[in-house]
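The lines below spell out each chain.
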Amino acid sequence: MLELLWLIPALPFAGFLILALFGSRLSRQSAAVIGVGSVGLSAILTLGIAIRFISSPPADHAFSQMLWQWISVDAFQPAITLYLDALSLVFIFVITFVGFFIHLYSSLFMYEEEGYSRFFAYMNLFVGSMLTLVLGNNLLLLYLGWEGVGLCSYLLIGFWYKDSENGYAARKAFVVTRVGDTAMAIGLFLLFTSFGTLDIQKLLQQAPQEWTINSTQAVLAAALLLGGAVGKSAQLPLQTWLPDAMAGPTPVSALIHAATMVTAGVYLIARTHVLFTLAPAVQTAVAVVGALTLLMAGFTALTQRDIKRVLAYSTISQIGYMFLGLGVGAWSAAVFHFMTHAFFKALLFLGAGVIIFVLHHEHDMFKMGGLRKKLPVTFWTFLIGSASLAALPLITAGFYSKDMILWYTFAGEQGNDWLWAAGLAGAFITSIYTFRMVFVTFYGEAQAEITHKPGMQLKVPLIVLAVFSLIAGFIELPHTLGHLTLFSHFMHSALPPTEVLHESVSLELLLQVIAAIAVLLGIYIAYHIFIRNRSIANNLTASGPGALLHRFWYSGWGFDKVYDTLFVNPLVWFAKINRNDFIDLIYTGIAGTSREFHRQLTRTQTGRLRWYATGIVIGAIITITVVVYL
Amino acid sequence: MILIWLIAILMIGGILAWISQSWHKNAPRWIALIAAGVDFVLVAVIWLQNLSKVDLTGQSQWLFEVNYQWIPQWGISFFLAMDGLSLLMALLTTFLGLLSVVVSWTEIKERVGFFHFNLLWILAGIMGVFTALDLFLFYFFWEVMLVPMYFLIGIWGHENRIYAAYKFFIFTQASGLLMLLSILGLYVIHGQNTGNYTFNYFHLLGTDISLFTAAWLMLGFLIAFIVKLPAVPFHNWLPDAHTEAPTAGSVILAGLLLKTGAYGLLRFVIPLFPDISELFTPAAMMLGVLGILYGAKLAYAQIDLKRLVAYTSVSHMGFVILAVFSLNELALQGAVMQMICHGISTGALFILVGAMHERIHTRNIEDMGGMWETVPRMGGVGMLFAMASLGLPGLGNFVAEFLILVGAYQVSIFWTVLATVGLIAATVYSLRIVQRVFHGEKIKDWKIPDFNVREMVVMGSMIAVIVWLGLFPQSVLNTAKHTLNSLQQRKVIEQTAWQTDSQTLNQNTSENKTIIK
């Protein structure tokens, strides 16, 4: 069974090839069958492999499969080798399953669009690249997947290419993430130069032997990888591309910009966790970046009107939680939150997609309203997703994963009260903006008419993901609630457990109660403002510092403006000033000077004999003088 | 013997094509196609036969050679030889040569015979450059490829062709003359040292030259090659020549002529002057990075699509200088890969621009936009090669640039980091191509045909090659390995000698110091 591993990425790639080569000649039905089917087959295969992997784990809890030697120059020997362990298994499970349901959803959602087969070609290419990213056994193959998903993200954000604003958003995403990727590439040079290999497992073995903790090399390597991670995962300071990326079709936002690609940074850090352990300063930076990002994005989400932008900022914020978890060494908790987040955030995006679909591309929440009765399935599933995002205690998956991160942030060896407080504040804000979204969209007066009903292909994925958003949390329960450790136990074959300083059930309970109160309070505030008395919100943002703050948050803390002023505009200006290349002036100058000499000398050729005779005489005198006196 | 045939087929084909113009208007095209095709098949067969052989260490680096006396009084011989590096370059030459004939099929309408004569003679000259091992013969072929190219630009080029042709000719000719001086200097010094006056590459290799003289001689070669490459600030002929040349001319210029510069660095500058090259390394790396960044900046600023692509060449060839002077196996393999992949990817972009120009009669990107819907095949191809140009993994250019950067990192972290920043710049200008031409609002209601079968065959084969190079580069790397290894070995030998020298020098100075005390 495990030998079939290569088929998991190969099937979507094959789907891409067929669609890219023959897409224009295929009917919509066959394009959908190929596009959805290839990912579906991968998902089934993943299930089989997962069962086999868990029931009878291979030696060392890892399985590798070499397909071919990619490059072999000197010591540089990266191969196309797939590596399956607990960490990559969780990732390929989420990618293929969530991916499959999003593909299924798209088959109806995109049906009316031009470029239907092109859409599925890009989506399949994305899934294949993402699987390569998480299955690659060396950093170069990982980098291949990493850039591949970046390309697909670019292609899909700009899917509706006729609008040049979409093109701008797509290029922004590509260029900003490429800034991070470049840092990562330099990290790869450094790692290869130090260890003579890019094989991840070998690196993780050799690094602790050859590098001491906090050595310059280790700090640099970890910092450069972090650079790549913040770019891809839209964390501070490279988060600016993700909100604009919402220009793409909604299934794309669900798959790429919520569930999978943006968590690649989390995967990278978890995968190379040993390097971060060797550089505690950088690991702390990971936690701080996470904490700041989750707060910043949370406040921004409070003010957005576009439902997809709310979800985009909430994605940035939730990945902030994952970074926070990674930064305090809660590796398994971060991966756990990645998994539950993939379910509920994909669900929310797909739910938002349905609303946008039935309201004719309306994105503004304040023009929706009253959809609760008209779209019951969407409402209930969206509510479940929102509850999970807000970490509603006990019944939602989001509660268990977020609680696990918060617990380790407080009690873990690398934990810190301030980071915990940031996480708690974030949870409070999350519940406000999430339920603001729910109340504004589904309650109150109806602002727009529904034109058509969502079909089965839209509803089935919503229901399945809603179920997962509830039950996925039960595989890992805290000490206070049954103490089940299926997930973290499974992960420990790939990621080290987190050391806890004060193991105390009563403390854990206290923290959980505090967090629960924060969440419930947030929901109540949202209820109070957006259902009972809308004027509060209007008054708050109408004038004075409230309005100023609102504008500041609404613009995403002014990052775009700062980057435009500091980098984009000066560089564009610099490119434009010297369009014709001043160096050319040197050569035209030389040419001009010679032509001038030529012109002057031509003037001596007058054709008059006496001028020539004078010239000869003068020349003769000079020559004689020189000969005589020298 | 096969080496002579490779060149002779092209030359004879060229003459026949010229004559045949009067027989039938398509005759020159078919003759050129057959000549280039036969040459391509021959080289491909040689490569396939030697695929297992070339990477064997211990065997001679040289696969074939022919050596005839030419002007024995002056020690000039007709000496051709082929090793892995030459073989790869010959493969690239014949492949792009063949495609150039195909893409000119409808573009060239006037003086078809003379056009194909020039085209084939340029290819013959390039083939000679890649195989000649007599320095006089090398210079001869260097000129053979220059003159027909001058005609190609000057006769079949676009609006500003005469200016561009002159500029091309003067830059290349002036720098070529410096090389001739250096060749003669080397010839005389070697003759004086040994009494054996010869232009034979192998005899000249170990010439004992004082450091000062060697520096001057190297500069002659170096300038000729980096003008051709081109390196900033000697790149100014390139945008004009590339932009004004007909499509086939641009493909050959970018794909092959630039590579003769890189080849010259690898074949002559480094082996003939290892010590000086070593000293020159920091300056060369700076030149490389300057080219990468400055070329990218200029590319971004252009509104003439062809000029934009031309400037990307300056940027990409900067990587080659960086690599050649890093002089370790990784970087050198990267340089060879870059020569091949840049030839394919930039060649493809020039063909695309040429096809676009044929259809809408402008190269100004401000008159394009929103063309994807009308010409999806062109869009797809353009997208793929824009990705190649920005170094997307999975395509050959990534392998090349990554190897170069990893290799260069071991020599200079500073310059490598700056060169890596070039990758961001490449992203910016490559995406600009896609955006301005294919995406965005339709400027007007385009009524143009998409790529036809002939053009898709050309593009399809280039896509296949660039993807194959990205995923299975090993057969190319193996072919070049032997040549590049011997380059490094020579460096190691020279280096040890150099170190012993400097040690004795140090001892002497310390002795001197004691005396002074």
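Below, the structure is looked at part by part. Predicted model, so just to flag it, every value in this text is computed and none were measured. (Residues numbered from 1 in each chain as written. Chains lettered and ligands numbered in written order. Predicted model: local features only at pLDDT ≥ 70, side-chain atom pairs only at ≥ 80, totals over all residues. Heavy atoms only, no water.)

Time to look at the interface of chain B and chain A. Many authors give the size of an interface as the accessible area that is lost as the parts come together. The partner chain A presents 47 residues to the 57 residues of chain B that form the contact. Carbon and sulfur atoms supply 68% of the area buried between chain B and chain A, which totals about 4700 Å² over both sides. When the buried area of chain B at its contact with chain A is split by residue, Lys-297, Phe-402 and Tyr-409 of chain B rank highest and sum to 12% of it. Between Asp-584 of chain A and Lys-167 of chain B there is a salt bridge whose closest N-O contact spans 2.8 Å. If you look at where chain B meets chain A, you find 15 residue pairs in polar contact (both at pLDDT 80 or more). Contributing elements (two or more residues each) for the side of chain B that touches chain A: helix 6 (161–194), helix 11 (274–301), helix 13 (329–360), helix 14 (376–389), helix 15 (396–409), helix 16 (413–437), helix 17 (453–471) and helix 18 (474–516) of chain B. A total of eleven residues in the side of chain B that touches chain A trace back to one element, the largest contributor, which is helix 16 of chain B. Grouping the amino acids of the side of chain B that touches chain A by side-chain chemistry returns 37 nonpolar, 15 polar and five charged. (Contact = heavy atoms within 4.5 Å. Buried area = accessible area lost by both parts, 1.4 Å probe. Salt bridge = Lys/Arg side-chain N within 4 Å of Asp/Glu carboxyl O. Polar contact = N/O pair within 3.5 Å; in protein donor to acceptor, adjacent residues only side chain to side chain. Helix = DSSP H or I, 4+ residues; strand = E, 2+ residues; numbered from the N terminus. Nonpolar A, V, L, I, M, F, W, Y, C, P; charged D, E, K, R; others polar.)

This part is about the pairing of strand 1 (residues 62–71) of chain B. Each regular strand shows side chains that alternate between the opposite faces of the sheet. Residue and element names in this part refer to chain B. Bridge count for strand 1 against strand 2 (residues 76–83) is eight bridges, and the pairing is antiparallel. When the bridges of strand 2 are listed, Val-66 appears paired with Leu-80. Counting the residues in the hairpin turn of strand 1 and strand 2 gives four residues, including Gly-75, whose phi is positive at 70°. (Pairing = 2+ DSSP bridges.)

Here we take up the pattern of salt bridges. As enumerated under the stated definition, the model contains 18 salt bridges over all chains in all. The closest approach of N and O atoms between Glu-373 of chain B and Lys-162 of chain A, which form a salt bridge, is 3.2 Å. A residue pair is termed interchain when its members come from two chains, as with Glu-373 of chain B in the loop between helix 13 and helix 14 and Lys-162 of chain A in the loop between helix 5 (139–157) and helix 6 (164–195). Residue classification places Lys-162 of chain A among the partly exposed residues on the basis of a relative accessible area of 35%. With a shortest N-O distance of 2.8 Å, Asp-240 of chain B and Lys-167 of chain B are connected by a salt bridge. One end of the pair, Asp-240 of chain B, is in helix 9 (residues 237–244); the other, Lys-167 of chain B, is in helix 6, and 73 residues separate them in sequence. (Buried < 20%, exposed > 50% of the residue type's maximum accessible area, 1.4 Å probe, protein only.)

What follows deals with the side chain of His-103 of chain A. Residue and element names in this part refer to chain A. By the secondary structure assignment, His-103 is in helix 3 (residues 86–109). Using a relative accessible area of 0% as the deciding quantity, one classes His-103 as buried. Beyond its immediate chain neighbours, meaning those up to four positions away, His-103 contacts Gly-35, Val-36, Val-39, Phe-120, Met-123, Asn-124, Val-127 and Leu-255.

This part is about the packing of aromatic side chains. Here the structure, examined in full by the defined rule, presents 82 aromatic pairs over all chains. Residues Phe-53 of chain A and Phe-490 of chain A carry aromatic rings whose centres are separated by 6.3 Å and whose planes lie at 90° to one another, so their mutual orientation is edge-to-face. Pair noted here: Phe-53 of chain A is in helix 2 (residues 28–55) and Phe-490 of chain A is in helix 20 (residues 486–491), with a separation of 437 residues, a long-range link. Take Phe-490 of chain A: its relative accessible area is 22%, and that puts it in the partly exposed class. With centroids separated by 5.9 Å and ring planes inclined at 45°, the aromatic side chains of Phe-114 of chain B and Trp-156 of chain B adopt a geometry described as tilted. Of this pair, Phe-114 of chain B sits in helix 4 (residues 112–131) while Trp-156 of chain B is found in helix 5 (residues 135–156), placing the two residues 42 residues apart along the sequence. Considered together, Phe-114 of chain B and Trp-156 of chain B belong to a single accessibility category, that of buried residues. The lysine or arginine in question, Lys-228 of chain B, covers the ring of Trp-142 of chain B, its NZ or CZ lying 4.7 Å from the ring centre. (Phe/Tyr/Trp six-rings, centres within 6.5 Å; stacked < 30°, edge-to-face > 60°. Lys NZ or Arg CZ within 6 Å of the ring centre and 35° of its normal.)

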